[in-house]
Amino acid sequence: MRRYGKNPDEDDVRVRPNRKGNRPRTNIRPKHEDAAEGLVLTVDRGRLTCLIDSRTVTAMKARELGRKSAVVGDRVAVVGDLSGAKDTLARIVRVEARTSTLRRTADDDDPFERVVVANADQLAIVTALADPEPRPRLIDRCLVAAYDAGLDPLLVLTKSDLASADALLESYGTLGVPYIVTNRDELAEGGAAERVREYLTDRMTAFVGHSGVGKTTLVNALVPERRRATGHVNAVTGRGRHTTTSALALPLPGGSGWVIDTPGVRSFGLAHIDPSRVIHAFPDLGPGTDGCPRACSHDEPDCALDAWVADGHADPARLYSLRRLLATRERREGD
Ligand SMILES: Nc1nc2c(ncn2[C@@H]2O[C@H](COP(=O)(O)OP(=O)(O)OP(=O)(O)O)[C@@H](O)[C@H]2O)c(=O)[nH]1
Ligand SMILES: [Zn+2]
C-alpha cells in the first residue's frame, strides 16, 4: 500500500530532477539492480546494522532516499562495500514495501509518529504482575497499537512468584488475547522461554514493555546470543544499553523466527490511531458498524453498535472491551 502522508517515514521515494544537470555521482544510480537484500537489525544515530546473507554490514541511508527512513525489521536494498569489514560503510538505496508498521507517538500531544518496527507480525506485551505494578491502560494502549498495525498481540505476564495473574487475566478474557504467565523459577530452569518460544516460531515478534518488567531477562533466555549482540552495539556507540533508542532484531536459535527487543516504554502514544483499523480486531462487531455515521469513532452517541448489540447480535462484553480500548486513545495523567 502506498501512502503519501506528512510523515517522512511514510513518504515514498521521489527523486527530484537534478536541476543543475549534474551527472549522478555514481554510475550505479538509479536502478541498483545489483543491490543486495538486507534486513535492518538495529539503528543507531544514522548508522544501520543490516544482515546480508550471514554478515552484519553497517550502512547509512543513501541521499536519494530523501526523508524516508529505514527502521528495524525493514527489508532494504544495499550497495557499496558489503564485506562487513571494520570501518566499512555501505549504502541503503531502497526500503522495500512493508507488510506492517508498528507506530507510536512519543506523546499524544506530539502528533509526530515514530515507526517502531517494520514487518513484525506479532506484538508481545510484557507486563510484570508486581514490581513494577501492572498498568492496564498501558497494556490496552499497546493492544490498540497492535490492532491498528495488524499485529497479533500476545500477553506475557512475568513475576507471578510475586503476585497472582487472576485479576488481570479476568479483564482480558473477553478480548481473547493469548497469554503466558511466567515466574522466577520457571525462568531460571528454562521452561518459561520454552513456552514463550512456542508462540514465536516462524514469526517476527516485537517485544514491548515498561522498564523493569523482565523483558531483557526473557529475551536473553530466548536468544542466548543476545548478550554478545548488545555488547556489539555498545561497542559501536560507546554508550550503555539504556541510551539506545532503537529496537534490536535478534534471530531465534535455529532460524525459527525473530525477536525484536525494543527499549522500555513509559507510554505508548496513540495520536495516530485509526479506529476503523482497531475494529478489524473485533470481526464479531464489524457488521454492526454498517449503520454508523461516516468516520464514526465507535465511541460516540450516534454509533450504531449500541443498538445492534442490544438486539442480541454480539456479546455486550465485547463492545465494552472495544470501547475500553478506544477510550485509551485519550490521554490521561500517567499515560
Ligand atoms: N521475582 C521475579 N523477578 C524477575 C522475573 N523476571 C525478571 N525479574 C527481575 O526483574 C528485574 C528487571 O528485569 P529486566 O529483565 O532487566 O527488566 P527489563 O524489562 O528489561 O527492564 P529494563 O532493562 O529497565 O528495560 C531483574 O532484577 C530481574 O531479575 C520474575 O519472573 N520474577
Ligand atoms: Zn460506530
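The structure contained in this document is the topic of the report that follows. (Residues numbered from 1 in each chain as written. Chains lettered and ligands numbered in written order. Predicted model: local features only at pLDDT ≥ 70, side-chain atom pairs only at ≥ 80, totals over all residues.)

### Some words on the site of ligand 1
In the vicinity of ligand 1, 17 residues are found, and the nearest of them are Ser211, Gly214, Thr216, Thr217 and Gly264. Top contributing element to the shell around ligand 1 by residue count: helix α5 (residues 215-222), with three residues. Class assignment of the residues belonging to the shell around ligand 1 gives a composition of three nonpolar, 10 polar and four charged. (Near = placed C-beta within 6 Å. Helix = DSSP H or I, 4+ residues; strand = E, 2+ residues; numbered from the N terminus. Nonpolar A, V, L, I, M, F, W, Y, C, P; charged D, E, K, R; others polar.)

### Quick look at the pairing of strand β9 (residues 152-158)
Looking down a regular strand, the side chains alternate between one sheet face and the other. Summarising burial for β9: six of the seven residues are buried, a large majority. As paired strands, strand β8 (residues 122-128) and β9 are joined by seven bridges and run parallel to one another. Residue pairing in the sheet places Thr127 in a bridge with Leu157 of β9. Remark: the β8/helix α1 (residues 136-149)/β9 crossover connection has right-handed handedness. Across three bridges, the pairing between β9 and strand β10 (residues 179-181) is parallel. (Buried ≥ 20, exposed ≤ 12 C-beta atoms within 10 Å, placed from the backbone. Pairing = 2+ DSSP bridges. Right-handed = clockwise from strand over helix to strand, strands pointing away.)

### As for unusual backbone geometry
With an omega dihedral of 5°, the bond running from Asp131 to Pro132 counts as a cis peptide bond. By the secondary structure assignment, Pro132 is in the loop between β8 and α1. Even without being glycine, Asp53 reaches a positive phi, approximately 55°. Tracing the chain through its elements places Asp53 in the loop between β2 (47-52) and β3 (55-61). Phi at His298 takes a positive value of approximately 60°, unusual for a residue other than glycine. When you line up the elements, His298 lands in the loop between α7 (275-278) and α8 (305-310).

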